[in-house]
Structure formats: structure tokens, C-alpha cells
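One-letter residues, chain by chain:
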Amino acid sequence: MSQMIQDVRVSVIIPVHNSEKYLGQCLQSVLHQTFREIEILCIDGGSTDSTPEIIKRMQSQDRRLVYIQDPHTGYGHKLNIGIDRAVGEYVMILESDDRMAPHMIRSLYDIAAEHDSDITDADYAELFCHQGKEYLHPKRKYPDKGYYGHVIQYTTGRDRYITTYGIWTALYKKEFLRRHAIRLNESEGASYQDLSFLFLTSLFAEKVCHLDMPLYQYRVDNTGSSVKDDTKIWEIVGECAYLKKDLERRGIRDAYIWELYYTRKYNAYYWNYCRLSPEAGTLFLKIYREELEHDQACGAVRREMFQGYMYQQTFFLSDDPDQFEKSAHNKSRATWAAKFCRLLESTEGRDIILFGAGIYGSELADLLQQNENRLCGICDNSESVQGTEKNGFRVMPVEAAAEKFRDALFLLTSRRHTEGMKRQLTGLGIKEANIISAHDW
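Before going into details, it helps to say that this report is about the structure given with it.

Cut-offs applied
- Residues numbered from 1 in each chain as written.
- Predicted model: local features only at pLDDT ≥ 70, side-chain atom pairs only at ≥ 80, totals over all residues.
- Heavy atoms only, no water.
- Axes fitted to C-alpha atoms, helices over the stretch in contact; angles between N-to-C directions.
- Helix = DSSP H or I, 4+ residues; strand = E, 2+ residues; numbered from the N terminus.
- Parallel < 35°, antiparallel > 145°, perpendicular 65-115°, else oblique.
- Left-handed = near helix turned anticlockwise from the far one by under 90°.
- Contact = heavy atoms within 4.5 Å.
- Disulfide = S-S within 2.5 Å.
- Buried < 20%, exposed > 50% of the residue type's maximum accessible area, 1.4 Å probe, protein only.
- Pairing = 2+ DSSP bridges.
- Right-handed = clockwise from strand over helix to strand, strands pointing away.

This part takes up the packing of helix H8 (residues 255–275) against helix H10 (residues 308–319). When two helices pack together, their arrangement is captured by the angle between the axes and the distance separating the axes. Where H8 contacts H10, the axes come no closer than 10 Å and their chain directions differ by 70 degrees. By the angle between their axes, H8 is roughly perpendicular relative to H10. As H8 runs across H10, the sense of the crossing is left-handed. Along its contact with H8, which presents Thr263, Tyr266, Asn267 and Tyr270, the element H10 presents Met310, Gln313 and Thr314.

So this is what it looks like as C-alpha cells:
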């Protein structure tokens, strides 16, 4: 039996509630971290399945695991309990159906300790299964590469990038959370309490580091996830109201910070509307529209605050309702993982050639090489990439691929040029039945 580690540097908080399906994998991933100076706080809100037995059995093998029973089922309350009980210099959060890469804590801790950062976080990978095989799809948290790989020191609100998702990818300095009295909303259930926490931690952090590595494995095929719960229509409204009240209580007067609040609010409202069924979405839309009209009327929301797709998804609601619903419908379609699984089913048993060596093609190649490994080659029309190596293959001209792999299935990775690519392949003698677009799934 492992002994309790006296010098705890990182406290890992895992809120659990009827988590038996994936909990064993979750706990194994943190117990097997290369960084050993940790405690693992499992906060159980009254599980009725085998969750307590799983924790206690693993606790008997490793005393770094601590089981805390809490009658309150709220996600925010459980995390607040964990933060209060944590003895580590840093805290991090792990969802009970997710996992960590073996070196995640080590990678984050070394950077945090070296630079004394308030927040140190990393990218993540979507984790899903198909026919008993696991796949990992790396995702970037930040669109600008300039956010990665160095210490960012914030001095004003206008400099800040407010994180909109991913409470679970970061290492937070506990003293930083205590100094700014950052707590999670203790609303009932497990619905979106991370929105206010992410906003406040991003707002008050003076020094942050972002690692360009997918260290966290976020499960996207758990049908029991609160994100997929159609009964949770209004929780996002309560969370945004909680954050607004907190900012007012703190005396926040910076106009730019309030602009950030309202842009994040309506980004969250749009996301919530997209995930709901048509029936639930219709109910939510009434409040959505009323609050947007009110916030515009009082001057809190102005059109110049929003740009690009955020402008469209905010103001199409009043300017062009049909376009708004069409846009939301497109957003609410199946996840990337679900589309990829359908693609696997439709191409089962076939050798595959990817037509297109761009970013999307590279993502597909990476997934196709996991477990299935039916990818035979990559081709592209661009002379600048022909002959270069992508995903272990030397990119071929399309003509060479058509000649060498005549009976393979050609998977088109470009949505914009699909029809032209089809004509090119059929002109080279590839049967139309052997040509499919990756975007049709």
C-alpha cells in the first residue's frame, strides 16, 4: 500500500455522482501520473451506484486518494468543498468521465513553479469510442498561436483573453483563488457553473502560461453528460446572472470588462440554444430575445462590441430570424466525433486515400491512423506540398494517386472544392462510387 505523500504540491479535485461507468479509468489516469506529490479529492454528492465502492477499493491501494461525502449534489458546491480542503499549493479539476495524459501534472507544475504563474493550462483532446476502439482528436483552446509557449503578464482588462471553456485543463494557484475570493456558483445540479469561474480567473490572473500540448482527454461520447441534458434549459441564464451580480459586488467599473461580460453572455446563450432540441430551444428563445432587447435598450449591448460570426449569432436573432435559426441548426448538428464515427461505418473495410493535405485533411489522417489504420496515402493538387511528408506519407500528385490506387476510396477533405475534385477524379478514371466527401457525414 502506498503511503500518504506528506509534501502535497498539487490537489486534484474530482466531483463525482453516479460515475461508475468511467470512474476507474479516470482515477487510474491520475494515480499513474509521473508527478507523485499529489492528493486526489473525490467529492461524492450522494451516489447510489457503485461509485463509493470503486473509490474505496482504489483508496485501499493508494492513500493519496481521499473520499469525501457531501450531501449537496451541486457541482459548484463540490468543487468549492474541494478547493477549501485542498492542501496543495496548486489545485486542478478532473471530470469523473475524463482522463489525463500521464505527464499532464508534471508538465503544468514545472512551468507553474518556474514562472510563479496564477494559471497554467494546456490544450486537450476529445476522447470517444467506436466499436470498442478509442480515438483522440486534439483541440486547441486558443485561436492565436501567440498565446502559447511563453509567460503572459496582464496589466489591464483590455489585454485579457477571457477563457470561455475548459475549467479542467488548468493548474490554478490556490493562493490566487483565495486572494481574489473566487468561488463557483453553488446552484443545483451540474450545469455550467464553470462559466463564472473561468471568467473571474481569467480576469484576475496577472501571470498565465498556455502549453501547446493536448494533455487533457475530454470525453465527448458520454450520453449522461449534463451538456446533453435537454431539461437544463434555463441554467445558463442563472449562471450569467450570478456572474453579473458578482462583478457588481466587486465594484467592477471597467467598461471593457463589461463588454467582455456581455459578449460572453450572448456567446453562451447562442451555444445553449444550439444544443437544445427544437422544442426546448423555442422556450429558451423567448428569454434570449427579451434579454437581448433589454440589454440593447439600456445601452449595455452595442453592435460594435461584436464582430464576425459573433455579430451574426447575436443580432441575426432580431435582424434576420430565419438566418439565425438556420445558422443555429447548422451548429447543432452532430459533433465532429459523431460525424467521424459515421464516416468509419460508411468506409468499413475500404482502403482510403485522402485528397487534400490541409489542416482538415491532417486531422482526418491522424484519426484514421488510430486503431483502424486503413489510410493508404495522401494526394493534393498543390505543387508546394507534393513530395512533402504528412502524417507519415509523402504527398502524391492526384494523377499518381489515381493511377496507383484505382480501387481505393478517395476521401475529399475540401468543402469548397468538392465538385471540382470529383470531376478531376472521374476524369482520371476513378468511379464516382469510390469518391466521397468527408463533409457529408
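On to the state of the cysteines, then. Disulfides are covalent bonds that link the sulfur atoms of two cysteine residues. Applying the stated criterion to the full structure yields zero disulfides. Residue Cys274 stays outside any disulfide, its sulfur separated by 15 Å from that of Cys240, the closest cysteine.

Right, let's get into unusual backbone geometry. One non-glycine residue, Ala181, adopts positive backbone phi at about 50 degrees. With respect to the secondary-structure elements, Ala181 resides in the loop between helix H5 (174–179) and helix H6 (194–204). On the accessibility criterion, Ala181 (44% relative accessible area) is partly exposed. Positioned with a positive phi, Asn391 is a non-glycine residue whose angle comes to about 55 degrees. Summarising the element assignment, Asn391 is placed in the loop between strand S13 (389–390) and strand S14 (393–394). We classify Asn391 as partly exposed; its relative accessible area is 25%.

Moving on, we come to the pairing of strand S1 (residues 10–16). In summary, the side chains of a regular strand alternate between the two faces of the sheet. When you tally the buried positions in S1, you get seven out of seven residues, the bulk of the element. The alternating pattern of S1 places Val10, Val12, Ile14 and Val16 on one face and Ser11, Ile13 and Pro15 on the opposite face, and all of these are buried. Sheet topology note: the S1/strand S2 (residues 38–44) ladder contains seven bridges and is parallel. Bridged to Val12 within S2 is Ile40. Once you follow S1 into helix H1 (residues 20–31) and on to S2, the crossover reads as right-handed.

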